[in-house]
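Listed below, chain by chain, are the residues.
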Amino acid sequence: MLLKEKAEFVSENIDKIIKFVNEDETVKEDFEEYLATIQFKGQSYSELQAVLIPYIFERKLTNEKKGIIELFKEKNTNLDDNVKEIMDSLENTISSIFEIKKIHKDGFDFCNLVNEKDYRTLSLVKMLHFRGVSIGEFAIARIFEYQNDFYILSIDEIIPQRRREDALRLTIAKQLQQPESVYKDNPEKEKEIQKFIEENHKQFDDFFHTQQIVTTNKCADNLLALFNNYTESGEKASEEEIQKYIEQPQDFKYFEVEGFSKSYDFIETASQGFSSTDKVYDITIMFEPKQGIFVIPFYQTFNKIFEAEDYKTIEGYQNCVKNFLENNNIPVFLLEKTYKEHGKKFLNVINEILDKNFTFDELIKEYKSEYIGKPHYSSTTLLYTSKAFLELMGFMEKPQKETNQYADQKIGRNDPCPCGSGKKYKKCCMLK
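Residues numbered from 1 in each chain as written. Predicted model: local features only at pLDDT ≥ 70, side-chain atom pairs only at ≥ 80, totals over all residues. Heavy atoms only, no water.

Enquirer: Report on the sheet that holds strand S3 (residues 94-103), specifying residues and quantitative values.
Expert: Adjacent strands of a sheet form backbone hydrogen bonds with each other and so pair up, either parallel or antiparallel. Within the closed barrel, the five strands sit side by side as S3-S4-S5-S7-S6. Their pairing is mixed. Each neighbouring strand pair of the sheet contributes to a mean axis angle of 55°, computed without reference to strand direction. Pairing between S3 and strand S4 (residues 107-112): five bridges, direction antiparallel. Residue pairing across strands places Phe 98 opposite Asn 112, the latter belonging to S4. In the packing of helix H1 (residues 3-23) onto the sheet, contacts are made with strand S5 (117-123), strand S6 (138-146) and strand S7 (149-159), and the angle to S7 comes to roughly 70°. Set on the sheet, helix H5 (residues 81-90) makes contact with S6 and S7; between it and S6 the angle comes to about 145°. (Pairing = 2+ DSSP bridges. Helix = DSSP H or I, 4+ residues; strand = E, 2+ residues; numbered from the N terminus. Axes fitted to C-alpha atoms, helices over the stretch in contact; angles between N-to-C directions. Contact = heavy atoms within 4.5 Å.)

Enquirer: I'd like a rundown of the environment of His 201, residues and numbers included.
Expert: Here His 201 shows up in helix H7 (residues 187-208). In this structure the C-alpha to C-alpha distance between His 201 and Lys 290, which are 89 residues apart in sequence, comes to 9.0 Å. Once you skip the residues sitting within four places of it in the chain, His 201 turns out to touch Gln 211, Phe 287 and Pro 289.

Enquirer: Quick one: what's the story with the pairing of S6, residue by residue and with numbers?
Expert: Among the nine residues of S6, eight are classified as buried, and the element is accordingly described as predominantly covered. When S3 meets S6, the two strands line up antiparallel, connected through six bridges. Residue pairing in the sheet places Phe 98 in a bridge with Ala 139 of S6. Between S6 and S7, which follow one another and run antiparallel, lie two residues, and Gln 147 among them has a positive phi close to 55°. (Buried < 20%, exposed > 50% of the residue type's maximum accessible area, 1.4 Å probe, protein only.)

Enquirer: Hey, could you go over a negative patch on the surface for me, with residue numbers and the actual values?
Expert: Negative charge collects at one region of the surface, where Glu 5, Glu 8, Glu 12 and Asp 15 lie side by side. When you line up the elements, Glu 12 lands in helix H1. (Patch = residues over 30% accessible without salt bridge, like charges linked within 9 Å, V, L, I, M, F, W, Y side chains within 5 Å. Areas by Shrake-Rupley, 256 points an atom, 1.4 Å probe, with all protein chains shown as cover. Salt bridge = Lys/Arg side-chain N within 4 Å of Asp/Glu carboxyl O. Lys, Arg positive; Asp, Glu negative; His and termini not counted. Charge placed at Lys NZ, Arg CZ, Asp CG, Glu CD.)

Enquirer: Account for the pattern of salt bridges, naming residues and giving values.
Expert: Summed over the entire model, instances satisfying the criterion amount to 21 salt bridges. Two residues, Glu 116 and Lys 189, come together in a salt bridge whose shortest N-O distance is 3.0 Å. Placement of Glu 116 in the loop between S4 and S5 and of Lys 189 in helix H7 is noted, with a sequence separation of 73 residues between them. You can call Glu 116 partly exposed: its relative accessible area is 22%. For Lys 189, a relative accessible area of 3% gives the class buried. Two residues, Arg 164 and Glu 391, come together in a salt bridge whose shortest N-O distance is 2.8 Å. With Arg 164 in helix H6 (residues 164-177) and Glu 391 in helix H17 (residues 387-392), the pair connects residues that are 227 residues apart, well separated along the chain. Accessibility assignment for this pair places Arg 164 and Glu 391 in one class, buried.

Here it is in structure tokens:
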């Protein structure tokens, strides 16, 4: 098919899915609830379309957590092979933050900042729609592969080059919220992560002589700094200095720590350290051989809930359990470990708190289904191997100062700046 024919074919099938959303009884009810939840008050079709796209490609329904397209295929069993192929392609879209490396007559060269892979993408609409978009800017976009080519499904926002830091922050937030996006569609990146874990595991064993360390947030930063220094320089601190920062918590209770509730805020907390809060809480540093190093706040408090004669004496027990079940950064193996250590009491307490009757497998399926049978690497490991994070934290050479990339073009002083800022040229890039 020609590009024009493919564009029409994609549009036709997206229209079918939109019709399905509006007509299927189960999905329609969920979509209306979704609109109410996000307090959607748009009036135009374009405003509704902007909401429909993420809903179609990100929403999960039913106890099996099935996507909209998966449900569409299940309820339309007579689809021809061409429609099945495009549906399979759309089911595997990549939503990310892309740096624009080159602009072609029919699309863009994108660098995906999240998985660090380059893509040659084709536009399904005329490139006139992207007038004013420039090399070096960032696109929050969704792409998909169809018949060995990558196509742009949507571009939600263009971030100017001068806001590079914002693009990096969004990148890291996505890496934390959706860890699989770091290596999705990039096996080379996954190999890099696995190699890092293998090397880091040996270093962890040599440094701590154990797989798990318990300390407090007041000491964790210094302890991790000593370990990081060892991994970078090979210089190991003395055992006395290491032991100085392994401090057993005096009290176990759960409370919200500002900065860890949202991945975006986590970036600030990561730069400031665990000790940035006045309150003291337990920190567990552990290494899982296939998943990397984990730094888990309140893990010992979580265990105390199942060790205590009366779990209700542990302050914040309900929110603690909720956090360990719902937090994407808490791996399945940690719940498995706790379950093995505490047996039936683990399930009895959780079921009583949730007012449910889960078996352990049902509990995992309910709260951690997206990680069943899939690799899961620790957030700490992903950040250590993330170019975006290292650049933002100042570990990599900062990008050079912006220059006027339009200097050789004939642009009037009072013309709109081609960078898309909305300012006049003389008050924007002409000054660079």
